[in-house]
Amino acid sequence: HVQLVESGGGLVQAGGSLRLSCAASGRTFSTYAMGWFRQAPGKEREFVAAVNWSGRNTYYIDSVEGRFTISRDNAKNTVYLQMNSLKPEDTAVYYCAARAGGYSLRTSEDEYPSWGQGTQVTVSS
């Protein structure tokens, strides 16, 4: 498994922006597909976005499409989640996750064996 560490969370007003980062250990990062998930208080963890190994293919849930952008820098072993036009309903702990076989995108958390510890994002109204 690859080790993952998220950063970049915080408190922001509605309409604002944040960029989350997820730094990965290991020399095989470029072979992994990466995903971002989130868990709001009292709710189950949900898929947010995924990117394949090259960064060319991405997928988003409908509620963040057009506002969030997932990207990666394989030279830096890092995946990003740029979040714009944030809404109070985006408030959650955000997790990055990794899976080998990085060609395809997956939305189920069961498909991702490696997880970070999470970073809190709070959007005030």
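See the structure shown above.
Residues numbered from 1 in each chain as written. Predicted model: local features only at pLDDT ≥ 70, side-chain atom pairs only at ≥ 80, totals over all residues. Heavy atoms only, no water.

A. Layout of the environment of M34. Relative to the helices and strands, M34 is located in strand β4 (residues 33-39). Placed 38 residues apart in sequence, M34 and R72 show a C-alpha to C-alpha distance of 8.6 Å. Ignoring anything within four residues of it in the chain, the contact list for M34 reads L4, C22, F29, A49, A50, V51, I70, R72, V79, A97, A98 and Y112. (Helix = DSSP H or I, 4+ residues; strand = E, 2+ residues; numbered from the N terminus. Contact = heavy atoms within 4.5 Å.)

B. Structural context of the nonpolar core. Membership of the largest hydrophobic core comes to 35 residues, with the highest contact counts inside it found for M34, W36, L81, M83 and Y94. For this core, the elements supplying multiple residues, two or more each, are β3 (18-24), β4, β5 (46-51), β7 (68-73), β8 (78-83), β9 (92-99) and β11 (119-124). (Core = buried A, V, L, I, M, F, W, Y, C linked by side-chain atoms within 4.5 Å. Buried < 20%, exposed > 50% of the residue type's maximum accessible area, 1.4 Å probe, protein only.)

C. The pattern of salt bridges, seen in detail. In total, this model carries five salt bridges according to the counting rule given. Notably, a salt bridge pairs D90 with R38, separated by 3.0 Å at the nearest N-O pair. With D90 in the loop between β8 and β9 and R38 in strand β4, this pair connects stretches of sequence that are 52 residues apart. Considered together, D90 and R38 belong to a single accessibility category, that of buried residues. E109 is the salt-bridge partner of R45, the closest N and O atoms lying 3.0 Å from each other. Here the residue R45 occupies a position in the loop between β4 and β5, and E109 occupies one in the loop between β9 and β10 (114-115), the gap between them amounting to 64 residues. The partly exposed category is assigned to R45, whose relative accessible area is 25%. Looking at E109, the relative accessible area reads 29%, which means it is partly exposed. (Salt bridge = Lys/Arg side-chain N within 4 Å of Asp/Glu carboxyl O.)

D. Here's a closer look at the packing of aromatic side chains. Applying the stated criterion across every chain yields a total of seven aromatic pairs. The interplanar angle of 80 degrees and the centroid separation of 5.3 Å between the aromatic rings of F37 and Y112 together place this pair among those described as edge-to-face. Placement of F37 in strand β4 and of Y112 in the loop between β9 and β10 is noted, with a sequence separation of 75 residues between them. The buried category is assigned to Y112, whose relative accessible area is 3%. The interplanar angle of 55 degrees and the centroid separation of 4.9 Å between the aromatic rings of F37 and W115 together place this pair among those described as tilted. With a gap of 78 residues between them, F37 in strand β4 and W115 in strand β10 connect regions that are remote in the sequence. Residue classification places W115 among the partly exposed positions, given a relative accessible area of 24%. (Phe/Tyr/Trp six-rings, centres within 6.5 Å; stacked < 30°, edge-to-face > 60°.)

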